[in-house]
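One-letter residues, chain by chain:
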Amino acid sequence: MTISLGHSAMPSSLSTKKTAGGEALLYVAFGSNLGNREEHIARAAEMLGKRIGRLVSMSDMYETKPEGFRSDNLFLNAAAAYTTRMKAAEILRISQELERELGRRCKSRNGAYHDRTIDIDLLWKSDETADTEELTLPHPRMKERLFVMEPLAEIAPTLLIGGENICHLAETMKKGMP
């Protein structure tokens, strides 16, 4: 189920390495399955923009079943695009701090997932990749998760990850679902 909030899609001209102002483009995924899910995501997206740069675009919100753990609580998921001058490691620290501020108590580790008020995942950054214990960019499992790919395809239809178009990946995933 898609919940339309009327957010505008980002122009495809922003899918280059740097904007005209020398900022990088960053895509982020949000998820929530506790409390006022829509409010948690909207607030997290806005607060993150104020701390790291500028929120450029946000997808509609998509309601999905939990994946990787059992819960009676459905998720809302969304994706957002930001422009930023910050390094990914600093953005990760800020996003984790924001998760705690918004009520997240338990971070997922080693495949053990839990219900959460907010989950913020860095997906892709135009000028930086990472492969550390704390952060991998592009996100290593994003292409396996329709709840990430569908909202991302909405705001970044021309984005290529590993040479593959986001829209094509999302459509292929949808066709393979029961």
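The model shown is predicted, which means the values in this text are computed figures rather than measured ones. (Residues numbered from 1 in each chain as written. Predicted model: local features only at pLDDT ≥ 70, side-chain atom pairs only at ≥ 80, totals over all residues. Heavy atoms only, no water.)

### A word on helix 1 (residues 37–52)
Because an α-helix completes one turn every 3.6 residues, residues spaced three or four positions apart along the sequence face the same direction.
Here comes step 1: An ideal rise of 1.5 Å per residue puts 22 Å on 16 residues; helix 1 measures up with 22 Å between its terminal C-alpha atoms.
Here comes step 2: Residues of helix 1 that are buried sit in contact with strand 2 (24–32), strand 3 (53–58), strand 4 (61–64), strand 5 (75–84), helix 2 (88–101) and strand 6 (119–125). (Helix = DSSP H or I, 4+ residues; strand = E, 2+ residues; numbered from the N terminus. Expected span 1.5 Å × (residues − 1). Contact = heavy atoms within 4.5 Å.)

### A few points about the packing of aromatic side chains
Here comes step 1: Counted according to the given criterion, the structure contains one aromatic pair.
Here comes step 2: Aromatic pair Tyr27 and Trp124: ring centres 5.6 Å apart, planes at 35 degrees, arrangement tilted. Highlighted residues: Tyr27 in strand 2 and Trp124 in strand 6, separated in sequence by 97 residues. Each member of the pair, Tyr27 as well as Trp124, is classed as buried. (Phe/Tyr/Trp six-rings, centres within 6.5 Å; stacked < 30°, edge-to-face > 60°. Buried < 20%, exposed > 50% of the residue type's maximum accessible area, 1.4 Å probe, protein only.)

### As for the packing of helix 1 against helix 2
Here comes step 1: Axis separation between helix 1 and helix 2 bottoms out at 10 Å; the angle between their running directions is 140 degrees. What the angle tells us is that helix 1 and helix 2 run oblique. Between helix 1 and helix 2 lies a crossing whose hand is right-handed. Of helix 2, the residues touching helix 1 (which contributes Ala44, Met47, Leu48, Arg51 and Ile52) are Ile91, Ile94, Ser95, Glu97, Leu98 and Glu101.
Here comes step 2: The class makeup of the residues in the contact of helix 1 with helix 2 is seven nonpolar, one polar and three charged. (Axes fitted to C-alpha atoms, helices over the stretch in contact; angles between N-to-C directions. Parallel < 35°, antiparallel > 145°, perpendicular 65-115°, else oblique. Left-handed = near helix turned anticlockwise from the far one by under 90°. Nonpolar A, V, L, I, M, F, W, Y, C, P; charged D, E, K, R; others polar.)

### Digging into the nonpolar core
Here comes step 1: Counting residues in each nonpolar core, the largest one holds 27 residues, and the members touching the most others are Val28, Phe30, Ile41, Leu48, Tyr82, Ile120 and Leu122.
Here comes step 2: When contributions to this core are tallied by element, the ones reaching two or more residues are strand 2, helix 1, strand 5, helix 2 and strand 6.
Here comes step 3: The greatest single-element share of this core, amounting to six residues, is contributed by helix 1.
Here comes step 4: Dropping the residues within four chain positions of it, Leu122 is found in contact with Leu26, Tyr27, Val28, Ala88, Ile91, Leu92, Leu135, Leu137 and His139. (Core = buried A, V, L, I, M, F, W, Y, C linked by side-chain atoms within 4.5 Å.)

### Considerations on the environment of Glu150
Here comes step 1: Mapped onto the elements of the fold, Glu150 is located in helix 3 (residues 146–155).
Here comes step 2: A relative accessible area of 23% means that Glu150 is categorised as partly exposed.
Here comes step 3: Linking Glu150 and Ala78, residues 72 residues apart in sequence, is a C-alpha distance of 8.6 Å.
Here comes step 4: Excluding residues within four positions of it along the chain, Glu150 makes contact with Tyr62, Ala170 and Lys174.
Here comes step 5: At a separation of 3.2 Å, a polar atom in the side chain of Glu150 contacts the side chain of Lys174. (Polar contact = N/O pair within 3.5 Å; in protein donor to acceptor, adjacent residues only side chain to side chain.)

### Some thoughts on the pairing of strand 4
Here comes step 1: What you see with strand 4 is no split at all: Met61 and Glu63 on one side and Tyr62 and Thr64 on the other are buried throughout.
Here comes step 2: The pairing of strand 4 with strand 5 spans three bridges and is antiparallel. Looking at the pairing, Tyr62 lines up with Asn77 of strand 5. (Pairing = 2+ DSSP bridges.)

### Quick notes on the confidence of the model for the protein
Here comes step 1: Across the protein, pLDDT averages 85, with 83% of residues at or above 70.
Here comes step 2: Contacts of residues 1–15 to residues separated by more than four positions or lying in other chains number 34 contacts, the stretch itself having pLDDT below 50. (pLDDT = per-residue confidence, 0-100.)

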